[in-house]
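Here is how the chains run, residue by residue.
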There are 2 protein chains.
Amino acid sequence: MKPTLYTSLSPALLHLYNARSAIVVIIDVLRATSTICTALYNGAKYIIPVDNVPRCIEWGKQIECVTAGERDGRIAEGLEHGNSPYEYSREFIAGKTLVLTTTNGTRLLYMAIEKGAAKIITGSFPNLSAVCDYLIAQQHNVILACAAWKDKVNIEDTLFAGAVIDRIKDHFLLDCDASQIAASLYNEAKDDLLGFMQRKNASHYHRLSGYGLEKDIQYCLTEDVANVLPFYEEGKLIIRKQ
Amino acid sequence: MKPTLYTSLSPALLHLYNARSAIVVIIDVLRATSTICTALYNGAKYIIPVDNVPRCIEWGKQIECVTAGERDGRIAEGLEHGNSPYEYSREFIAGKTLVLTTTNGTRLLYMAIEKGAAKIITGSFPNLSAVCDYLIAQQHNVILACAAWKDKVNIEDTLFAGAVIDRIKDHFLLDCDASQIAASLYNEAKDDLLGFMQRKNASHYHRLSGYGLEKDIQYCLTEDVANVLPFYEEGKLIIRKQ
């Protein structure tokens, strides 16, 4: 019997799925989970995800680390670094600890912890293959959990769920309309993800490009440029060797 | 300035949108909103939607009416009629009052009432044109509210939202990724909605076809065969003349 795969298109739908018996993949393409794999790929020691800005500042006082965070697409007040993968070059982040809080991605990660998820990893296009290889190898139930935007379903996280499904569907039972919808969307978009986001006037594309962050968007939609697997363990995201 | 159009893919997401300033379109293609327009089209005096089976039975004792309801795709215990549009022929329903409760559709309608929706109508493929004509004429904000299946996003309600968007998008601001996703899905499926549901192994298709209800599904996906506009007013769904 194959394990099951479900897609939760919004954090407000996560409670409908049984996280206790599943690997939960946290998906926040623009930009938390793209930045997380990038920082680890570039040698960050580990990442401490936190769910609010004051806690992030507090960590900064207690340990030697880089504190970073974003609210509504901009660097959060009181923090020095933001949520752009381009901030976390090897020169800057190698050997350092990153403490990170974001509007949607880290909040969803904390929801998955509270719901007792069996395992938690993070995924985005820059580590698509690492995610798929891991999920196929584990032969365990999966929930693809989209971070969305303040609970509103978004295109980019749905596209990433679709990309994963496209690659691993033969290994899972897919009795889940949301997964079929995600896979359909990805199949329409896959030849030109950025162009698709532009044509569909994706709300987050619009928001970030308004801040001059088109380069970030292009990076976050590029496959396997930071192909490591961030794995949540005892309060930290670390690289999981497969 | 054009009015806005949003799509809520699940009742669990409805709170994200401002129902007070919008026409809320209740969408439960399989089968509540298909059956509602069919019964009215065939001459039902009006329909009283109720949110639970005991209340439905209670109405049956108090007024002369047909009590009908469905739970998990079958006729609910204690009620004589179910949720199939084929039960409500002109011969049977003309001039009668129908009291109806369903798993998802009537529950969502009650949520919309509680949220203070400015206006509530119901939509499905059998009354697609009536819905679109009304929404274009009103020039008011719109929420396309999918009933889903126990809060899980489903294909058929998403497809209907996409069909509406496909026809009326030029009249509205569409700053809503869920609407874009629905429109994309519909565009992929529109030449053969039933075949699409089969190919995607839509969970509700699977459920109903297991009960021998393929004919119902085919009907519920057919445009404009019961093209009236059910409008909610003072506890009743009645035909709104446009």
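Residues numbered from 1 in each chain as written. Chains lettered and ligands numbered in written order. Predicted model: local features only at pLDDT ≥ 70, side-chain atom pairs only at ≥ 80, totals over all residues.

**Things to note about the overall build of chain A**
Applicable threshold: For helices the rule is a DSSP run of H or I covering at least 4 residues; for strands it is a run of E covering at least 2, with both sets numbered from the N terminus onward. All radius of gyration figures rest on C-alpha atoms, and the globule criterion is 2.2 Å times the number of residues raised to 0.38. Whether a residue is buried, exposed or partly exposed is read from the other C-beta atoms within 10 Å of its own C-beta, which are placed from the backbone; 20 or more gives buried, 12 or fewer gives exposed, and intermediate counts give partly exposed. Our contact criterion uses C-beta atoms placed from the backbone: two residues qualify when those atoms are within 7 Å.
A count of helices and strands for chain A gives 10 helices and 10 strands. In terms of C-alpha radius of gyration, chain A reaches 16 Å, essentially the compact-globule figure of 18 Å for 242 residues. If you line up chain A on its principal axes, its C-alpha atoms span 50 × 40 × 30 Å. Expressed as a percentage of the 242 residues in chain A, the buried residues total 57%. Residue pairs at least 24 apart in sequence account for 79% of intrachain contacts in chain A once pairs closer than 6 positions are excluded.

**What to know about the interface of chain A and chain B**
This is how the line gets drawn: Under this grouping Gly is polar, as are all residues other than the nonpolar Ala, Val, Leu, Ile, Met, Phe, Trp, Tyr, Cys and Pro and the charged Asp, Glu, Lys and Arg.
Each partner contributes residues to the interface: chain A has 22 residues there, and chain B has 22 residues. Contributing elements (two or more residues each) for the side of chain A that touches chain B: α6 (155–168) and α7 (177–189) of chain A. Residue classes in the side of chain A that touches chain B are distributed as 10 nonpolar, 6 polar and 6 charged.

**Notes on the environment of Val142(B)**
Residue and element names in this part refer to chain B. Structurally, valine 142 is set in strand β8 (residues 142–146). The spacing of valine 142 and valine 25 is 117 residues in sequence and 7.5 Å in space, taken between C-alpha atoms. Other than its neighbours up to four places away in sequence, valine 142 contacts Pro3, Leu5, Ala22, Ile23, Val25, Leu135 and Phe172.

**Structural notes on the environment of His15(A)**
Looking at the secondary structure, you find His15(A) in the loop between β1 (5–8) and β2 (23–27). Taking the C-alpha atoms as reference, His15(A) lies 7.9 Å from Lys115(A); in sequence the two are 100 residues apart.

**A short note on the pairing of strand β10 (residues 236–239) of chain B**
On a regular strand, one side chain projects to one face of the sheet and the next to the other, so that they alternate. Residue and element names in this part refer to chain B. What counts here: Being paired, for any two strands, means DSSP has found at least two bridges between them.
Relative to β10, strand β9 (residues 230–233) is paired through 4 bridges, and the arrangement is antiparallel. Pairing of phenylalanine 231 across the sheet is with isoleucine 238, part of β10. In this structure, the hairpin formed by β9 and β10 is closed by a connection of 2 residues, where glutamate 234 is found at a positive phi of approximately 50°.

**Some thoughts on the nonpolar core**
Test applied: Under the definition applied here, buried Ala, Val, Leu, Ile, Met, Phe, Trp, Tyr and Cys residues are grouped into a nonpolar core through C-beta atoms within 7 Å.
Ranked by internal contacts, the top residues of the largest apolar core, which has 182 residues, are Val24(A), Ala145(A), Val24(B) and Ala145(B). Aside from chain neighbours lying at most four places away, what touches Ala145(A) is Ser8(A), Leu14(A), Val24(A), Val25(A), Ile26(A), Ile27(A), Leu108(A) and Ala112(A).

**A word on the relation of the copies chain A and chain B**
Which entries qualify depends on this criterion: A least-squares superposition brings the copies together, and it is based on the C-alpha atoms of residues with pLDDT no lower than 70 in both.
Structural alignment of chain A on chain B gives an RMSD of 0.0 Å, achieved by rotating through 180° and translating 0.0 Å along the axis. Such a combination of rotation and displacement between the chain copies is what one expects of a two-fold axis. The overlap is high: 100% of the interface residues of chain A also sit at the interface in chain B, so the same surface is used on both sides.

**Focus: the confidence of the model for chain A**
This is how the line gets drawn: The quantity called pLDDT is the predictor's confidence in a given residue, expressed from 0 to 100.
In this model, chain A carries an average pLDDT of 94, and 100% of its residues clear a pLDDT of 70 or more. What the predictor reports for the complex is a pTM of 0.96 with an ipTM of 0.95.

**Things to note about the packing of helix α5 (residues 128–138) of chain B against helix α6 (residues 155–168) of chain B**
All names here are of chain B. To keep it simple, the criterion reads: Where helices are involved, their axes are fitted lines through C-alpha atoms of the stretch in contact, as for all axes, and angles between N-to-C directions lie from 0 to 180°. Note on terminology: angles under 35 degrees are roughly parallel, angles over 145 are roughly antiparallel, angles of 65 to 115 are roughly perpendicular, and the others are oblique. Put simply, a crossing is left-handed when the front helix is turned counterclockwise from the back one by less than a right angle, and right-handed when it is turned clockwise.
Following both chains from N to C, one finds α5 and α6 inclined at 50°, their axes separated by 10 Å at the closest point. Viewed along their axes, α5 and α6 adopt a mutual orientation that is oblique. Remark: the crossing between α5 and α6 carries right-handed chirality. Taking contact as the criterion, the partners of Leu128, Val131, Cys132, Leu135 and Ile136 in α5 are, on α6, Ala163, Val164, Arg167 and Ile168.

**Structural notes on helix α1 (residues 32–41) of chain B**
Residue and element names in this part refer to chain B. Of all 10 residues making up α1, 10 are buried, and the element is well covered by its neighbours. Those residues of α1 lying buried are Ala32, Thr33, Ser34, Thr35, Ile36, Cys37, Thr38, Ala39, Leu40 and Tyr41. Positive backbone phi, approximately 100°, marks glycine 43, located one or two places after α1.

**What to know about unusual backbone geometry**
The omega angle of the peptide bond from Leu30(A) to Arg31(A) is 5°, so this bond is cis rather than trans. Structurally, Arg31(A) is set in the loop between β2 and α1 (32–41). Even without being a glycine, Asp151(B) presents a positive backbone phi close to 75°. On the secondary structure map, Asp151(B) appears in the loop between β8 and α6.

**Observations regarding the packing of α7(A) against helix α7 (residues 177–189) of chain B**
Between α7(A) and α7(B), the least distance of the axes is 10 Å, while the angle of their chain directions is 80°. The angle between the axes of α7(A) and α7(B) places the two elements in the roughly perpendicular class. Across the interface between the two elements, Ile181(A), Ser184(A), Leu185(A) and Glu188(A) of α7(A) pack against Ile181(B), Ser184(B), Leu185(B) and Glu188(B) of α7(B). Class assignment for the residues of the contact of α7(A) with α7(B) results in 4 nonpolar, 2 polar and 2 charged.

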